[in-house]
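Observations on the three-dimensional arrangement
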Amino acid sequence: MRVLVVGGGGREHALCWALKRDTPDADLFAAPGNPGTAQLGTNVDIPASALDDLVQAVRQHHIDVTIVGPEAPLAAGLADRLRAAGQPVFGPSQAAARIESSKAFAKDVMQAARIPTAVSRTFTALDPALVYIKGHAEPLVVKASGLAGGKGAVVCATRDEAARTVHAMLADGAFGDAGREVVVEDFLEGEELSVLALTDGEQLVVLPAAQDHKRLGEGDTGPNTGGMGAYCPVSSATDALLERVQRQVLEPVLQELAARGAPFQGVLYAGIMLAPDGTPYVLEFNCRFGDPETQALVPVLPGLTAHVRAIARGEWRPREMTLPAGRAAVATVLAAPGYPDKPRLGAEVVVPRDLEPGTLVFHAGTARDADGALRVAGGRVLTVTGLADTVAAAREQSIRGCELIAFEGKTYRRDIGWRQLRRTTERAGAARG
Ligand code: AMP
Ligand code: GLY
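Read on for an overview of the structure. (Residues numbered from 1 in each chain as written. Chains lettered and ligands numbered in written order. Predicted model: local features only at pLDDT ≥ 70, side-chain atom pairs only at ≥ 80, totals over all residues. Heavy atoms only, no water.)

1. Some remarks on the environment of D160
This is how the line gets drawn: Strands here are runs of E lasting at least two residues and helices are runs of H or I lasting at least four, both read from the DSSP assignment and numbered beginning at the N terminus. Each residue is placed in one exposure class: buried if its accessible area under a 1.4 Å probe, protein chains only, is under 20% of its type's maximum, exposed if it is over 50%, and partly exposed if it falls in between.
With respect to the helices and strands, D160 occurs in helix 8 (residues 159-171). A relative accessible area of 54% means that D160 is categorised as exposed. Remark: the alpha-carbon pair of D160 and E138, spanning 22 residues in sequence, is separated by 9.8 Å.

The structure is reproduced here in structure tokens:
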């Protein structure tokens, strides 16, 4: 079995690691990969954006299955290209990937399928957007409709700030083409959850929920990032809630996409805001695995990649995947100083060889220099996943790993999973009465 993973982040390293765990004799390729995937297989020096070269590499290396990690190549049509060439691929078509690549489209689909989501309007012209904002309650949210690397959603405390934000997007081209269309929507309160489901377009299996931490600073403060850490299990994502998300969100969106001639195959990620009244509102859909959610999820879901390969090959037999009892994972991101705005690159990274068992280190923004030394080469440098029987213990494990890894300006949060820990403490307090 020869498998190609497209992408080069922590998510892709985690997918490669899981492929090796589930199928030890698989031959792995990553394009472009990173120093972590290089330890598990062969890095092919092709960026995830070079579709022609990727299709050619799949032929040249006799790849049996391609798994696409990031959204950009899916939105550009990589999966269509491979399917047209008769190559099995895990990931949606360009048409189905619009559920992520166009927030305006996603809103339209949700409205048509009556999926709970914030009330919104879509604009391409500035004046009507400003009029709408003038009559809107505060706070409110302005989103660039296109792909913006997780930075296109701006929560605005005031109408003035929202007006400035739409001006920057629609008039000044702040997000390039991604911001030529904007969605203005109500601000929702609650707890965020990442609910991912595997699907072949017809059937689906919901994975255990994870929780991301988008803000840079501890206590969920500071700017939004691509994600500073994730954990599972999340006890607020009860079986009943996940069933509700399946019925009210995932099944309707898949049906609506199929009805529009764009059946979705791959992993559908619903970013959920769990409202205080228990309603799961959709903040966004992604057409791929989450990063860093994947670095927490795959280590605790043995056999996951067998499903991924079967879906790609059109021979999937859905089977529920639950977290084995007493399994928890906390994935902490080590970021470069200055992340997310201006990460400082170049510092040497030292990862000790003898980290405790139950500690996994996934590479993202790293590169080897001419002398083979590991260097900071991106904003999110590494993810350190701790595995243990509780979220609290997994976090301790992850933090100990983070402390032992060294690079100048190393930036990370020590509170990944804080909501879960608070819930556990409250429950223990209530039990003591
Ligand atoms: P998105 O890219 O749409 O997921 O938005 C990025 C982040 O912005 C989310 O993870 C939330 O933290 C926040 N956000 C997005 N939409 C809303 C909303 N309607 N209400 C409150 N927060 C939001
Ligand atoms: N962790 C957020 C994302 O993957 O989009």
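That shown, we press on.
2. Quick look at the nonpolar core
As a reminder of what qualifies: We define the nonpolar core as a collection of buried residues of types Ala, Val, Leu, Ile, Met, Phe, Trp, Tyr and Cys that are connected through side-chain atoms lying within 4.5 Å of one another.
With 62 residues, the main nonpolar core has I99, V195, L250 and F285 as its most contacted residues. L297, L304, F362 and L387 belong to the second largest nonpolar core, which has 40 residues in total.

3. Description of the sheet that holds strand 19 (residues 359-363)
The following threshold applies: By definition, two strands form a pair when at least two bridges between them are found by DSSP.
If you trace the 5 strands from one edge of the open sheet to the other, you get 12-15-18-22-19, paired in antiparallel fashion. Whereas interior strands pair on both sides, the edge strands pair on one side only; in this sheet they are strand 12 (211-212) and strand 19.

4. Some points on the packing of helix 5 (residues 94-101) against helix 6 (residues 103-112)
In plain terms, the rule: The convention used is that axes are lines fitted to C-alpha atoms, helices contributing only their stretch in contact, and that angles between N-to-C directions extend from 0 to 180 degrees. Comment on the angle field: the value is read as roughly parallel under 35 degrees, roughly antiparallel over 145, roughly perpendicular from 65 to 115, and oblique elsewhere. In what follows, residue pairs with any heavy atoms lying within 4.5 Å of each other are defined as contacts. All residues other than Ala, Val, Leu, Ile, Met, Phe, Trp, Tyr, Cys, Pro, Asp, Glu, Lys and Arg, Gly among them, are scored as polar; the first ten of these are nonpolar and the last four charged.
Contact geometry for helix 5 and helix 6: axes closest at 6 Å, N-to-C directions at 95 degrees. What the angle tells us is that helix 5 and helix 6 run roughly perpendicular. Taking contact as the criterion, the partners of A95, R98, I99, E100 and S101 in helix 5 are, on helix 6, K103, F105, A106 and V109. Its residues assigned to classes, the contact of helix 5 with helix 6 comprises 5 nonpolar, 1 polar and 3 charged.

5. Digging into the site of ligand 1
Heads up, the rule is: By convention in these notes, a residue is near a molecule or strand provided one of its non-hydrogen atoms lies within 4 Å of it. Think of a polar contact as two N or O atoms within 3.5 Å of one another; within protein, one of them needs to be a possible hydrogen donor and the other a possible acceptor, and neighboring residues in sequence only count if both atoms come from side chains.
Taken together, the neighbourhood of ligand 1 is formed by 13 residues, with K143, E185, L188, E192 and E284 sitting nearest. In this structure, D186 approaches ligand 1 through a main-chain N or O atom, which is 2.9 Å from a nitrogen atom. At the level of secondary structure, the elements contributing two or more residues to the shell around ligand 1 comprise strand 7 (140-144), strand 9 (182-186) and strand 17 (280-286).

6. Some thoughts on the site of ligand 2
D212, K214, G226, Y269, N286, R288, G290, D291, P292 and E293 make up every residue found near ligand 2. One of the side-chain nitrogen or oxygen atoms of D212 is found 2.8 Å away from a nitrogen atom of ligand 2. In this structure, an oxygen atom belonging to ligand 2 sits 2.9 Å away from a side-chain N or O atom of R288. Taken together, the residues of the shell around ligand 2 sort by class into 2 nonpolar, 3 polar and 5 charged.

7. A closer look at the packing of aromatic side chains
Using the following cut-off: Between rings of Phe, Tyr and Trp, where Trp is taken as its six-membered ring, a pair exists when centres lie within 6.5 Å; planes separated by under 30 degrees are stacked, by over 60 edge-to-face, and by other angles tilted. Counted as over-ring charges are cases with an Arg CZ or a Lys NZ within 6 Å of the ring centre that also lie within 35 degrees of the ring normal.
The final tally for this structure, using the stated rule, is 3 aromatic pairs. Ring geometry for W17 against F362: centres 6.1 Å apart, planes inclined by 75 degrees, an arrangement best described as edge-to-face. Within this pair, whereas W17 is found in helix 1 (residues 10-22), its partner F362 is found in strand 19, the two being separated by 345 residues in sequence. The exposure class assigned to W17 is partly exposed, which follows from its relative accessible area of 22%. Taking the centre distance of 5.5 Å and the plane angle of 50 degrees together, the rings of F123 and Y132 count as tilted. Exposure remark for F123: the relative accessible area of 4% places this residue in the buried category. The lysine or arginine in question, R98, covers the ring of F105, its NZ or CZ lying 4.3 Å from the ring centre.

8. With respect to the environment of A85
Mapped onto the fold, A85 is located in the loop between helix 4 (78-84) and strand 5 (89-90). For A85, a relative accessible area of 27% translates into the label partly exposed. Through-space distance from the C-alpha of A85 to that of Q56 is 9.9 Å; in sequence the pair is 29 residues apart. Ignoring anything within four residues of it in the chain, the contact list for A85 reads V55 and R59.

9. Points about the packing of helix 6 against helix 9 (residues 239-259)
Helix packing for two helices is described by the angle between their axes and how far apart those axes are. Taken N-terminus to C-terminus, the directions of helix 6 and helix 9 make an angle of 105 degrees; their axes are 9 Å apart at the nearest point. Of the possible angle classes, the one that applies to helix 6 and helix 9 is roughly perpendicular. In this structure, helix 6 contributes F105, V109 and A112 to the contact, and helix 9 contributes V253, E256 and L257.

10. Things to note about the sheet that holds strand 6 (residues 120-123)
Pairing in this open sheet of 4 strands is antiparallel, and the strands run 6-9-7-8 from one edge to the other. Two strands lie at the open edges of the sheet, namely strand 6 and strand 8 (153-156), each paired on one side alone. Sheet twist, expressed as the average angle between the axes of neighbouring strands with direction ignored, equals 20 degrees. Here strand 7 runs beside strand 8; their pairing, made up of 4 bridges, is antiparallel. From the neighbouring strand, V141 faces strand 8, where its bridge partner is V155. Contacting strand 6, strand 7 and strand 9, helix 6 crosses the sheet at an angle of about 50 degrees to strand 9.

11. Considering unusual backbone geometry
Cis geometry is adopted by the peptide bond preceding P32, which originates at A31 and carries an omega value of 0 degrees. Turning to its location among the elements, P32 is positioned in strand 2 (residues 27-32). Residues E138 and P139 are joined by a peptide bond in cis, for which omega reads -10 degrees. Structurally, the position occupied by P139 is in the loop between helix 7 (126-134) and strand 7. With a phi angle near 50 degrees, H62 is a residue other than glycine that sits in the positive phi range. Examined against the element boundaries, H62 turns out to sit in the loop between helix 2 (51-60) and strand 4 (65-68). Among the residues examined, H62 registers a relative accessible area of 58% and is labelled exposed. One non-glycine residue, D220, adopts positive backbone phi at about 55 degrees. Of note, D220 is situated in the loop between strand 13 (215-217) and strand 14 (221-224). Given a relative accessible area of 24%, D220 falls into the partly exposed group.

From the geometry alone we can't say anything about function, so treat these as descriptive.
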